[in-house]
Structures are given as structure tokens and as C-alpha cells.
Amino acid sequence: MQTVQDAPALRAAIRGWRSKGQTVGFVPTMGNLHAGHQSLIKLARARTDRVVASVFVNPTQFGPHEDFERYPRTLLQDQTALTDEGCDLLFAPEVATIYPYGAGHSVSLHVPQITDTLEGAQRPGHFDGVATVVCKLFNLVQPDLAVFGQKDFQQLKVIERMVRDLSLPLKVMAAPTLRADDGLALSSRNQYLSVAERARAPLIHDTLLKMRELLAKGHAWRALEQVAAARLLRAGFVPDYAVIRCAEDLAEPADGRREGLIALIAARLGSTRLIDNLMFD
Ligand code: AMP
């Protein structure tokens, strides 16, 4: 696998493939790769001739008091993980390559409505940073297909809307969430957890399952949100939200709606913020 840092080298590699009529798949990441990221590479690999991954810890999607500085940067291990998965090219740019005028002076994209709630409400500006960097990466790589994890469900919806609204010429594919055996969704942030916190963390997935079970038994979705928040609080989590929403637009469901729902949780455990979700089908 080739690793490139700058745009001309990236474009040259991709031009070579394109000249042979090959298709390109793309998996954007912030690095510190785990089996969840690798499963995205695998999905792209099966659908396109060539696969590009990016590793870029994007400063514009972190709030002033978030973990940008301490976010784990493990490029050597990431290169090995990507090579093992058959990735063709790693794009690992410097901040100045992505933000030539500086991260604070960039053109910024705002995807309206879907970003007003949940992560968007908890992390002001987060999705502007995500949409901006992903659009820039799409312009650089110009993939036919880009794969995103359902683990970050609202992010996936933001990207889908951006791609449709800006008529970007690529297909977005959603990948299922990979979990540890105890149900905890794999995440680069799991390593911030202490041993005791790691043992408690699967309660988030367990609570999502409980919400699904109780909804299937006929409980009203509003009551389930309270049950879920109380359960998390009792176990020492500080929930930002534990909600049931319509999967297509993350709006509150009409009373009695049973189809196309998703439960989403964001909760702090100590100093670590964890998110997860579960589709009810
Ligand atoms: P990140 O590096 O955390 O920005 O994630 C890069 C991509 O990997 C995003 O599309 C995430 O949704 C996806 N991802 C993260 N964790 C998982 C997981 N446990 N299973 C599947 N995809 C994941």
C-alpha cells in the first residue's frame, strides 16, 4: 500500500487507475483504526477496483473543550491494518493541505435541519466541520463510492444529504456497526475508559436492546426514553440523550408509529463520551 501526504501525489495515483477504467472506493477516518474501520475497507474492496482510505484528525469538527489534542494518532499501526485489508492507498494529509488558509478561515459547509438535533445540538459546529472536511476529501479523491459506519448514524445522514443536495457524483454506502463480544460498539474512544468503566460500557448497547424490546411489547416511545435515561443514570452514566427517532430524518415519531424507528444514545462515562444506536426493524 502506498501512503501519500499531498494532493498532487494523491491525484497522480488516482489518475493512473482512472486511465485504466478502474473504479475507486473511499473510506474516510480519523485513524487509530480498529476492526470496525477495517470492515468498511472490506465493503469498499468488494465493490470497487481500488480502495483509498484517509487518516485525518480534523480540527474543525472538535469543539474547544473536546479531545482534539489527545485524540490517538497511530499512523504506523494504521498503515499495517490497512495493508492487511488490501487497501491500495492511504491519504494522510497535514492540516495545511486540507485547510490552506488555516482551519479557522476555511470555507464552511452547513447541512441544515438534520444537524439541529442530538449530536448537532450537543456539539455546536461539529457537523459543519464534518461536512466541510468530507466534501474536501471527496473533491480530492473523487471516489465512485464512499463507505460510512452506521455507528455514527447522524453523521451518515448528514453526508447522504450533503451528497444529494450538492449533486456530488458518488454513492454513499452505510456499513453495520461492529461490536465487541459484550455488545460495546468498537470506537477509538473506548481506550480512554478505565478497566471499571470498560466493564460498565456495554450497558449502552444493552439499553438500546431494552428500548427495542419494550417498544415491541407496545410501550410508548416517550416513556421508553425516560426508562433508558434512568437506567443509564443509575449505572453512573451521564446521558446527553437517550431517544427514539424516525430513522429517515431523526424527527420525533408521531404517536403510535412503529416502523422505521431508531434508538440513539450519547452518554458520558467518566471523561469519555460514548455514542451508539440501534435500528428497530
Ligand atoms: P472515525 O475514525 O471514528 O471518524 O470513523 C471513521 C468511519 O468508521 C466512520 O464512518 C465511522 O462511522 C466508522 N466506524 C467507527 N466505528 C465503527 C464501528 N464500530 N463499526 C463500523 N464502523 C465504524
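Because the structure is a prediction, the values reported are computed rather than measured. (Residues numbered from 1 in each chain as written. Predicted model: local features only at pLDDT ≥ 70, side-chain atom pairs only at ≥ 80, totals over all residues. Heavy atoms only, no water.)

When you go through the protein chain residue by residue, the secondary structure sums to 10 helices and 9 strands. Compactness check: the protein chain gives a C-alpha radius of gyration of 19 Å against a globular reference of 19 Å for 281 residues, within 12% of the reference. When the backbone C-alpha atoms are referred to their principal axes, the protein chain occupies close to 55 × 40 × 40 Å. When burial is assessed residue by residue, the protein chain has 52% of its 281 residues classed as buried. Pairs at least 24 apart in sequence give 73% of the contacts found in the protein chain among residues at least 6 apart. When the accessible surface of the protein chain is split by element, carbon and sulfur atoms take 52% of a total near 13,100 Å². For the protein chain, the distance from the average site of its 32 positive side-chain charges to the average site of its 31 negative ones is 2 Å. (Helix = DSSP H or I, 4+ residues; strand = E, 2+ residues; numbered from the N terminus. Rg over C-alpha atoms; globule rule 2.2 N^0.38 Å. Buried < 20%, exposed > 50% of the residue type's maximum accessible area, 1.4 Å probe, protein only. Contact = heavy atoms within 4.5 Å. Areas by Shrake-Rupley, 256 points an atom, 1.4 Å probe, with all protein chains shown as cover. Lys, Arg positive; Asp, Glu negative; His and termini not counted. Charge placed at Lys NZ, Arg CZ, Asp CG, Glu CD.)

Attention now moves to the sheet that holds strand E9 (residues 272–280). The 3 strands are arranged E7-E8-E9 in an open sheet whose pairing can be described as antiparallel. Two strands lie at the open edges of the sheet, namely strand E7 (238–246) and E9, each paired on one side alone. Across this sheet, the average inter-strand angle for adjacent strands is 10 degrees, counted without regard to direction. Taken together, the 8 bridges between E7 and strand E8 (residues 261–269) define a ladder with antiparallel strand orientation. By the bridge assignment for E8, Ile244 is matched with Ala263. Each of E7 and E8 is contacted by helix H10 (residues 221–234), which is oriented at about 155 degrees to E7, the strand it contacts most. (Pairing = 2+ DSSP bridges. Axes fitted to C-alpha atoms, helices over the stretch in contact; angles between N-to-C directions.)

Bringing the site of the ligand into the picture now. Residues in close proximity to the ligand total 17 residues, the closest being Met30, Gly149, Asp152, Leu178 and Leu186. The contact in question runs from a nitrogen atom of the ligand to an N or O atom on the backbone of Leu186, over 2.9 Å. Bound to the protein, the ligand loses 92% of the 480 Å² it would expose on its own. The set of elements that each furnish at least two residues to the shell around the ligand consists of strand E2 (24–29), helix H2 (35–47) and strand E5 (145–149). It is H2 that provides the largest number of residues to the shell around the ligand, a total of 3 residues. Here the shell around the ligand is composed, by residue class, of 8 nonpolar, 7 polar and 2 charged. (Near = heavy atom within 4 Å. Polar contact = N/O pair within 3.5 Å; in protein donor to acceptor, adjacent residues only side chain to side chain. Nonpolar A, V, L, I, M, F, W, Y, C, P; charged D, E, K, R; others polar.)

For any two helices packed against each other, one specifies the crossing angle of their axes together with the interaxial distance. It is the contact of helix H6 (residues 126–141) with helix H7 (residues 153–165), at a shortest axis distance of 10 Å, that shows an interaxial angle of 55 degrees. The pairing of H6 with H7 is recorded here as oblique in orientation. The two elements H6 and H7 cross, and the hand of that crossing is right-handed. Here Phe127, Val130, Ala131, Val134, Cys135 and Phe138 of H6 come into contact with H7, specifically with Gln154, Gln155, Val158, Ile159, Met162 and Val163. (Parallel < 35°, antiparallel > 145°, perpendicular 65-115°, else oblique. Left-handed = near helix turned anticlockwise from the far one by under 90°.)

Per the domain assignment, the segments of the protein chain are domain 1 (2–175) and domain 2 (188–276). Centre-to-centre, using C-alpha coordinates, domain 1 lies 26 Å away from domain 2. Across the contact, 21 residues belong to domain 1 and 18 residues belong to domain 2. The contact between domain 1 and domain 2 buries some 1,700 Å² in all, and 50% of this surface belongs to carbon and sulfur atoms. Counting the surface domain 1 buries against domain 2, the share from its top three residues, Arg70, Leu118 and Phe153, is 31%. Where domain 1 meets domain 2, there are 2 salt bridges. Here Arg273 makes a salt bridge to Glu119, at a shortest N to O gap of 2.8 Å. Residue assignment for the side of domain 1 that touches domain 2 shows that the elements contributing at least two residues are helix H5 (119–122) and H7. The greatest single-element share of the side of domain 1 that touches domain 2, amounting to 4 residues, is contributed by H7. Class assignment of the residues belonging to the side of domain 1 that touches domain 2 gives a composition of 6 nonpolar, 7 polar and 8 charged. (Domains from an automatic or database assignment. Buried area = accessible area lost by both parts, 1.4 Å probe. Salt bridge = Lys/Arg side-chain N within 4 Å of Asp/Glu carboxyl O.)

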